[in-house]
Structure formats: C-alpha cells, structure tokens
Amino acid sequence: MASTITNCMDSPIKVSLNEWASHIGRASVLRSNEGEYEVLAYSDNKEDFPELSKMARKHDAKYMKSILSEGVTAID
C-alpha cells in the first residue's frame, strides 16, 4: 500500500496545538518554533504512523497522535 503521508518539510504548516489536536486519529511530526508549532508531516492512516515516528526521531522533532478516550481528546 502506498504511503498517504503529507510531507510539509519544505513549507511547514504553522498551527495552534489545540486546533491541530482536534483532528482525532491524526499522527503528526511537529516542531516548536518560538511558541508556535510547525507541522512537518502528517497522516490519518494508521499504517503510516510508524514511518512518522521515525521521521520525528530523524529530524529531532515531536511525534503527536490525537486520540479520543472516554469523551476526552488527548495527545499521545
């Protein structure tokens, strides 16, 4: 199966962490930049999550996955 990762490394998406976390089930590679967050890559496909985790380690960034548990949105 082909990767469905959206790669934003060349032009990161600047986001509010709260806004971005509202995308339940999405995994992302993020970095903090002067109080803002920049999305470097993301996917809603669970099969891409291990690759996103590797990308985060490679680029010294954070791996974030938004989940809904017992009615509460959380970041894993």
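In this text, all values refer to a predicted model and were calculated from it rather than measured experimentally. (Residues numbered from 1 in each chain as written. Predicted model: local features only at pLDDT ≥ 70, side-chain atom pairs only at ≥ 80, totals over all residues. Heavy atoms only, no water.)

Of all 8 residues making up strand 4 (residues 36-43), 6 are buried, and the element is well covered by its neighbours. For strand 1 (residues 6-7) and strand 4, the ladder comprises 2 bridges, and the chain directions are antiparallel. When the sheet's bridge partners are listed, Asn7 is paired in strand 4 with Ala41. By the bridge criterion, 3 bridges tie strand 2 (residues 13-15) to strand 4 in an arrangement that is antiparallel. Among the inter-strand pairings, Ile13 is bridged to a residue of strand 4, identified as Val39. Looking at chain direction, strand 3 (residues 27-33) and strand 4 are connected through 7 bridges and run antiparallel. Looking at the pairing, Ser28 lines up with Tyr42 of strand 4. Hairpin remark: strand 3 followed by strand 4, antiparallel, with 2 residues in the connecting loop; positive phi at Glu34, about 55°. (Buried < 20%, exposed > 50% of the residue type's maximum accessible area, 1.4 Å probe, protein only. Helix = DSSP H or I, 4+ residues; strand = E, 2+ residues; numbered from the N terminus. Pairing = 2+ DSSP bridges.)

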